[in-house]
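Given next are the chains, with one letter for each unit.
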Amino acid sequence: MLKTIKDTASFIKTQISINPDVGIILGTGLGGLADEIENPQILDYDKIPNFPVSTVEGHHGKLIFGELAGKNVVAMKGRFHFYEGYDMQQVIFPVRVMRELGVKHLFVSNASGGVNPNFEIGDLMIITDHINLLPNALLGKHYPEYGARFVDMSQAYSPDLIKKAKIIAQELKIHVQEGVYTATTGPTFETPSEYKYFRIIGSDTVGMSTVPEVIAARQMGIPCFAMSIITDLGVPGKIVEISHEDVQAVASKAEKKMTKIFKRLIEDL
Ligand code: HPA
């Protein structure tokens with residue numbers, strides 16, 4: 001595993017002349033931020049040795065290097081989900097490669113279903129904490145090179161970045177919610193009873209991603225910031241039939257606001 005990660009990072013370094021400081025993972029329907037990356041240098045996942053290939057519609061499968069808000073970044077347009085059949089080692093592989101490339105901060109976006117009754121479709125939520133109902137990404141052989149066997153999760157999402165993001169949102173007059181993201185395997189959306197259960201255990205939203213990458217980053221000591229776009233509601237009386245297309249449509253409408261917050265936060269790093 002270690003060698004594959006190092007080999008992949010070495011290959012990327014032969015292709016790309018940018019040393020990224022910030023890693024960004026773009027969720028479903030949220031690829032628009034990538035268009036704002038200046039002087040881009042792009043690698044398709046299928047051209048990168050050992051890189052998994054994304055299979056979901058709306059996930060494009062490109063690693064985009066360049067400048068954003070004056071910082072060197074690498075953005076994943078398209079991520080790997082457990083529900084696609086990848087094992088957790090594959091899901092977190094790109095984050096470990098990012099670290100090998102020098103990334104010091106991780107920014108993550110996703111689409112999710114709101115279970116907090118105060119949320120509306122299209123709302124943005126700063127993730128302050130998570131509940132992991134996916135298999136833990138660090139199960140199995142321990143690689144001390146990546147950090148501790150038993151990783152502290154008391155500050156999975158950087159309190160400092162959360163604080164700054166709230167100030168930025170206020171300055172930009174962008175309404176943001178904050179709360180707990182629960183990760184589940186999918187690929188089914190939830191039944192009304194499952195949404196109710198997620199609310200009872202302390203969730204504000206539920207989705208199928210983000211947590212494995214954040215866990216991998218935290219093991220390596222990388223501070224994380226994540227935002228979710230509420231694309232549907234799992235709130236009694238407001239539950240309607242949803243599809244992946246609905247999720248993409250709402251996400252791409254709301255993403256401009258999220259991009260503004262990400263950019264300002266990255267600028268201020
Ligand atoms: N549930 C799980 N994942 C999701 C949802 C949802 O309601 N919406 C977008 N991703």
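My aim in this report is to walk through the structure given alongside it, one point at a time.

The rules behind each value
- Residues numbered from 1 in each chain as written.
- Predicted model: local features only at pLDDT ≥ 70, side-chain atom pairs only at ≥ 80, totals over all residues.
- Heavy atoms only, no water.
- Near = heavy atom within 4 Å.
- Polar contact = N/O pair within 3.5 Å; in protein donor to acceptor, adjacent residues only side chain to side chain.
- Areas by Shrake-Rupley, 256 points an atom, 1.4 Å probe, with all protein chains shown as cover.
- Helix = DSSP H or I, 4+ residues; strand = E, 2+ residues; numbered from the N terminus.
- Nonpolar A, V, L, I, M, F, W, Y, C, P; charged D, E, K, R; others polar.
- Buried < 20%, exposed > 50% of the residue type's maximum accessible area, 1.4 Å probe, protein only.
- Contact = heavy atoms within 4.5 Å.

Residues in close proximity to the ligand include Ala-111, Ser-112, Gly-113, Phe-189, Glu-190, Tyr-195, Val-206, Gly-207, Met-208, Thr-231, Asp-232 and Val-247, which together make up its full environment. Here Ala-111 contributes a backbone N or O atom positioned 3.4 Å from a nitrogen atom of the ligand. Within the side chain of Thr-231, one N or O atom sits 3.4 Å away from a nitrogen atom of the ligand. Coverage of the ligand by the protein chains reaches 96% of its 260 Å² of free accessible surface. Where the shell around the ligand is concerned, the elements lending two or more residues are β5 (105–114), β8 (205–207) and β9 (224–233). Looking at which element gives the most residues to the shell around the ligand, the answer is β5, with three residues. In terms of residue class, the shell around the ligand is made up of six nonpolar, four polar and two charged.

This paragraph deals with the environment of Tyr-197. Looking at where Tyr-197 falls in the secondary structure, it is placed in helix α4 (residues 192–200). On the basis of relative accessible area, Tyr-197 is assigned to the partly exposed category, the value being 43%. Once the C-alpha coordinates of Tyr-197 and Ser-252 are considered, the two residues, 55 residues apart in sequence, prove to be 28 Å apart.

Right, let's talk about the side chain of Glu-213 for a bit. Considering the arrangement of structural elements, one finds Glu-213 in helix α5 (residues 211–219). At 3.2 Å, the side chain of Glu-213 and the backbone nitrogen of Thr-210 are in polar contact. Contact partners of Glu-213, with chain neighbours within four places excluded, come to Ile-25, Arg-79, Phe-80, Val-91, Ile-92, Val-95 and Leu-106.

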